[in-house]
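Here are the chains, one letter per residue:
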Amino acid sequence: MILLTCPNCGARNVSEFRYGGETNKRPDVNTATPHDWAEYLYMRRNPNGMIREWWYHRAGCGSWFIAERHTKTHDIIATYLWSPEAAK
Ligand SMILES: [Zn+2]
């Protein structure tokens, strides 16, 4: 069983969550080109290493949060709620 730790509810079976994809910086709405929006919406880096990604606790508190996960080993080193500081 794979466990994922919700920042609000604690460790739960991963089946309670929905994967939301890699975090990526939203383009500036005033200067973004159609290419920038396409890159933001559809392109993923898919690195071999640590990545920050969105998860949704659909069978729990209903919160979206960020997990830092290694894509090869699936080790999760941290989970936390989004904040302006966390987005940097
Ligand atoms: Zn939760």
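Up top is the structure.
Description of the structure in this document. This one's a predicted model, so the numbers in the text were calculated from it and none came from an experiment.

## Examining the overall build of the chain
Working step 1: Within the chain, the regular secondary structure consists of one helix and six strands.
Working step 2: Each helix and strand of the chain, placed in order from N terminus to C terminus, yields the pattern β-β-β-α-β-β-β.
Working step 3: Projected onto its principal axes, the C-alpha coordinates of the chain cover approximately 40 × 25 × 20 Å.
Working step 4: Considering only contacts within the chain whose residues lie at least 6 apart along the sequence, 45% involve residues at least 24 apart.
Working step 5: When the accessible area of the chain is evaluated, it comes to approximately 6100 Å², of which 53% is carbon and sulfur surface.
Working step 6: For the chain, the distance from the average site of its 11 positive side-chain charges to the average site of its 9 negative ones is 3 Å.

## Considering the coordination of the zinc ion
Working step 1: Coordination of the zinc ion by the protein involves Cys6 (SG), Cys9 (SG), His57 (ND1) and Cys61 (SG), with metal-donor separations of 2.1 to 2.4 Å.
Working step 2: The site at the zinc ion holds four donor atoms, and with the angles between them running 102 to 122°, its shape is tetrahedral.
Working step 3: Residue His57 is classed as buried on the basis of its relative accessible area, which comes to 0%.
Working step 4: Judged by its relative accessible area of 34%, Cys61 is partly exposed.

## Concerning unusual backbone geometry
The bulk of non-glycine residues show a negative phi, and the bulk of peptide bonds are trans.
Working step 1: If you check the backbone angles, Asn46 has positive phi at about 50° while not being a glycine.
Working step 2: By secondary structure assignment, the location of Asn46 is in the loop between helix H1 (34-42) and strand S4 (50-56).
Working step 3: Using a relative accessible area of 62% as the deciding quantity, one classes Asn46 as exposed.
Working step 4: Residues other than glycine seldom take positive phi values, yet His74 does so here, at roughly 65°.
Working step 5: For His74, the position within the fold is in the loop between strand S5 (64-70) and strand S6 (76-80).

## A word on the side chain of Arg69
Working step 1: You can see Arg69 is positioned in strand S5.
Working step 2: At a separation of 2.8 Å, a polar atom in the side chain of Arg69 contacts the side chain of His74.

## As for the sheet that holds strand S3 (residues 18-22)
Working step 1: Read across the open sheet, the four strands follow the order S3-S4-S5-S6; overall the sheet is antiparallel. Sheet topology places S3 and S6 at the edges, where each strand pairs with a single neighbour. The sheet shows a mean angle of 30° between the axes of neighbouring strands, taken without regard to direction.
Working step 2: With seven bridges joining them, S4 and S5 adopt antiparallel strand pairing. Bridge pairing links Trp54 to Ile66 in S5.

Conventions adopted
Residues numbered from 1 in each chain as written. Predicted model: local features only at pLDDT ≥ 70, side-chain atom pairs only at ≥ 80, totals over all residues. Heavy atoms only, no water. Helix = DSSP H or I, 4+ residues; strand = E, 2+ residues; numbered from the N terminus. Contact = heavy atoms within 4.5 Å. Areas by Shrake-Rupley, 256 points an atom, 1.4 Å probe, with all protein chains shown as cover. Lys, Arg positive; Asp, Glu negative; His and termini not counted. Charge placed at Lys NZ, Arg CZ, Asp CG, Glu CD. Donors = N, O, S within 2.8 Å, 3.2 Å for Na, K, Ca; no water. Tetrahedral: all angles 85-135°; square planar, octahedral: opposite > 155°, others 65-115°. Buried < 20%, exposed > 50% of the residue type's maximum accessible area, 1.4 Å probe, protein only. Polar contact = N/O pair within 3.5 Å; in protein donor to acceptor, adjacent residues only side chain to side chain. Pairing = 2+ DSSP bridges. Axes fitted to C-alpha atoms, helices over the stretch in contact; angles between N-to-C directions.

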